[in-house]
Amino acid sequence: MRLKDCYNFQDFRKLAKRRLPGPIFNYIDGGADDEVTLAENSKAFNRCDLLPSVLAGVRDIDMSVTVMGQKLDMPVYCSPTALQRLFHHKGERAVAAATEKYGTMFGVSSLGTVSLEELRQKHKNPQIYQFYFHRDRGLNKAMMQRAKEAKVDVMMLTVDSITGGNRERDLRTGFSIPFRLNLAGLTQFMLKPMWGINYVTHEKFRLPQLEEHVSMGGGTSSIGGYFTEMLDPTLNWDDVAQMVRDWDGQFCLKGVMTVEDARRAADIGCTGIVLSNHGGRQLDGSRTPFDQLAEIVDAVGDRLDVLMDSGVQRGTHVLKALSLGAKAVGVGRQYLYPLAAAGQPGVERALGLMRAEIERDMRLMGVSTIDQLGRHNVRFKDGCGQFGE
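Quick caveat, the model's predicted, so the values are computed rather than measured.

What counts, and where the lines are drawn
Residues numbered from 1 in each chain as written. Predicted model: local features only at pLDDT ≥ 70, side-chain atom pairs only at ≥ 80, totals over all residues. Heavy atoms only, no water. Helix = DSSP H or I, 4+ residues; strand = E, 2+ residues; numbered from the N terminus. Rg over C-alpha atoms; globule rule 2.2 N^0.38 Å. Buried < 20%, exposed > 50% of the residue type's maximum accessible area, 1.4 Å probe, protein only. Contact = heavy atoms within 4.5 Å. Areas by Shrake-Rupley, 256 points an atom, 1.4 Å probe, with all protein chains shown as cover. Lys, Arg positive; Asp, Glu negative; His and termini not counted. Charge placed at Lys NZ, Arg CZ, Asp CG, Glu CD. Pairing = 2+ DSSP bridges. Polar contact = N/O pair within 3.5 Å; in protein donor to acceptor, adjacent residues only side chain to side chain. Phe/Tyr/Trp six-rings, centres within 6.5 Å; stacked < 30°, edge-to-face > 60°. Lys NZ or Arg CZ within 6 Å of the ring centre and 35° of its normal. Arc of directions from axis to C-beta. Salt bridge = Lys/Arg side-chain N within 4 Å of Asp/Glu carboxyl O. Axes fitted to C-alpha atoms, helices over the stretch in contact; angles between N-to-C directions. Parallel < 35°, antiparallel > 145°, perpendicular 65-115°, else oblique. Left-handed = near helix turned anticlockwise from the far one by under 90°. Nonpolar A, V, L, I, M, F, W, Y, C, P; charged D, E, K, R; others polar. Right-handed = clockwise from strand over helix to strand, strands pointing away.

**Q** What exactly am I supposed to notice about the overall build of the chain here?
**A** Assigned secondary structure in the chain consists of 17 helices and 12 strands. The C-alpha radius of gyration of the chain comes to 20 Å, within 12% of the 21 Å expected for a compact globule of 389 residues. Burial analysis of the chain (389 residues in total) assigns 58% to the buried set. In the chain, the proportion of contacts linking residues at least 24 apart, taken out of those at least 6 apart, comes to 72%. Just so you have it, the chain exposes about 16200 Å², and 49% of that area is on carbon and sulfur atoms. Taking the 49 positively charged and 47 negatively charged side chains of the chain as two groups, their mean positions are separated by 6 Å.

Pasting the structure below:
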């Protein structure tokens, strides 16, 4: 299989599996506990049907959207994800360049492997900084100031990860940063020597946003220790309200899943929320964002921008989410598998295929602009409930 043979999510996943050592592939691929939520995230879209309108005279397609003040040429953005240069030596550089080509937004994680300043200087498309809240309040302020000076467009605070999820695939292989692999994990690395050659012959792996606080040599803290030792489990609404005031710009909460929390986010001045269960990697058994979307849009959609991620694999998934009121849809594995498979060309192919799917599906739906989508063109299957009922 080669990149040109990849046409969908599963194709990219297969190619990534061939090219990555097992422990790293499973880090991307896996979820928490029994991975029930991981599987349900995509299945949720299958419980909703699209109702196309025919003879609509569709000529030109405009799939652009405005999200938290950012104009996007397509309603899909690349969510911030950690450790990208483990998957391909170009990491965030490849993702930023690919998203700029397609005129959409990308995110840089606190656990990113390229500095947010470098990416902001090289690329003009909208940039998110994904933030974790630390016990050290001084560190939080310093990191926010750094992002402000870099002219990041959107601050995104992740609120569903005050401790790491139970990812048993990683426990079985001993995957961690720094590497502390068991024998089975080491064997998997030996079976994929090209990954190792790329890893040692390119720029040293680092975490520029946190390198003064998390050691790659095991000195101060490992990534596992980062979640258990440095993040603040007492994070509350007063803390977030202060962050919103300090940032004084586009501020988004990622990981909101209830109407009550969505309303509180609006009350404290957030301009956006992302419905997310972290791709099934945190609380197994949690509800899917797509299933929660309609009732949260009904509650706060007129007060802030509602986005969603987790489980999105197809253009039809995107149109279903937009029909229920999402302003845009985030993807994670959807671009990480292509990144692992082929770097920037892989991400570009994935985004290009997604754009082509959305354009084709909009024509088939009989709409020429995103704002023509609505509740009228979806129905839920019997027994699944609809629109928060």
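**Q** Honestly, the pairing of strand β6 (residues 127-131) in this entry has me stumped. Any pointers?
**A** Each regular strand displays side chains that alternate between the two surfaces of the sheet. With five of five residues buried, β6 lies mostly within the body of the structure. Alternating positions in β6 separate into two faces, Gln-127, Tyr-129 and Phe-131 on one and Ile-128 and Gln-130 on the other, with burial throughout. Judged from the four bridges that link them, strand β5 (residues 106-109) and β6 form a sheet pairing that is parallel. Within β6, the position partnered with Ser-109 by the bridge is Gln-130. Sheet analysis places β6 next to strand β7 (residues 154-158), joined by four bridges and oriented parallel.

**Q** I tried to follow the environment of Asn-8 on my own but got confused; where do I start?
**A** With respect to the secondary-structure elements, Asn-8 resides in the segment before α1 (9-19). Its relative accessible area of 22% is what places Asn-8 among the partly exposed residues. A C-alpha to C-alpha distance of 28 Å links Asn-8 and Thr-158, two positions 150 residues apart in sequence. At 3.1 Å, the side chain of Asn-8 and the backbone nitrogen of Gln-10 are in polar contact.

**Q** I keep staring at the packing of aromatic side chains and nothing clicks. Help me out?
**A** The geometry of an aromatic ring pair comes down to the distance between the two centres and the angle between the two planes. Under the criterion given, the structure shown has eight aromatic pairs. The rings of Phe-9, Phe-25 and Tyr-337 are connected pair by pair, giving a single aromatic cluster. Directly above the ring of Tyr-27 sits Arg-281, whose terminal nitrogen or CZ lies 4.8 Å from the centroid. Residue placement shows Arg-349 over the ring face of Tyr-7; its charged tip is 5.2 Å from the ring centre.

**Q** Can you help me understand helix α14 (residues 289-300) in this one?
**A** The α-helix advances 3.6 residues per turn, and as a result positions three or four apart in sequence lie on the same side. With 10 of its 12 residues buried, α14 lies for the most part within the structure. For α14, the set of buried residues is Pro-289, Phe-290, Asp-291, Gln-292, Leu-293, Ala-294, Ile-296, Val-297, Ala-299 and Val-300.

**Q** What is the right way to read helix α13 (residues 259-267) from this model?
**A** Val-259, Ala-262, Ala-265 and Ala-266 are the residues of α13 that are buried. Considered in projection along α13, the buried side chains sweep an arc of 120° and stay on one side of the axis. Residues Glu-260 and Asp-267 are exposed on α13 and point more than 90 degrees away from its buried face. Packing partners of the buried residues in α13 comprise α12 (237-247), β8 (250-256), β9 (272-275) and α14.

**Q** Mind showing me how you'd approach unusual backbone geometry here?
**A** Most peptide bonds adopt trans geometry, and most residues besides glycine take a negative phi value. In the Ramachandran plot, Lys-151 falls in the positive-phi region, its phi being about 65° despite a non-glycine side chain. Looking at where Lys-151 falls in the secondary structure, it is placed in the loop between α7 (137-149) and β7. Take Lys-151: its relative accessible area is 62%, and that puts it in the exposed class. Despite not being glycine, Ser-310 has its phi angle at roughly 90°, a positive value. With respect to the element layout, Ser-310 can be found in the loop between β10 (305-308) and α15 (315-323). The exposure class assigned to Ser-310 is buried, which follows from its relative accessible area of 7%.

**Q** Is there a simple way to explain the side chain of Asp-11 in this structure?
**A** The residue Asp-11 is located in helix α1 in this model. Of the side chains bearing the opposite charge, Lys-14 lies closest to the buried Asp-11, which forms no salt bridge; the N-O distance is 4.8 Å. Setting aside chain neighbours within four positions, we find Asp-11 in contact with Met-1, Asp-5 and Cys-6.

**Q** Quick question: what am I supposed to make of the packing of helix α2 (residues 22-29) against helix α16 (residues 333-342) here?
**A** The axes of two packed helices give the description: the angle between them and the distance between them. Where α2 meets α16, the closest approach of the two axes is 10 Å, and the angle between their N-to-C directions is 160°. The angle between α2 and α16 falls in the class roughly antiparallel. Seen from above, α2 lies across α16 with left-handed handedness. Side by side, α2 and α16 meet where Phe-25, Ile-28 and Asp-29 of the first sit next to Arg-333, Leu-336 and Tyr-337 of the second. Broken down by class, the residue content of the contact of α2 with α16 amounts to four nonpolar, no polar and two charged.

**Q** How do you make sense of the pattern of salt bridges when you look at a structure like this?
**A** When charged atoms on two side chains of opposite charge get close, those side chains can pair. Applying the stated criterion across every chain yields a total of 23 salt bridges. The residue Lys-254 makes a salt bridge to Asp-309 at a minimum N-O spacing of 3.7 Å. Taken as a pair, Lys-254 in strand β8 and Asp-309 in the loop between β10 and α15 lie far apart in primary sequence, 55 residues in all. On the basis of relative accessibility, which here comes to 6%, the residue Lys-254 falls in the buried class. A cluster of three or more residues bridged by salt bridges with shared partners is formed by Arg-93, Glu-118, Lys-122, Glu-203 and Arg-206.

**Q** Please clarify how the pairing of β8 should be interpreted in this entry.
**A** Buried residues dominate β8, accounting for six of its seven residues. Where β7 meets β8, five bridges bridge the pair, whose relative direction is parallel. The partner of Thr-158 across the bridge, within β8, is Lys-254. In this fold, the crossover linking β8 to β9 by way of α13 has right-handed handedness.

Purely spatial values, then, with no claim about function.
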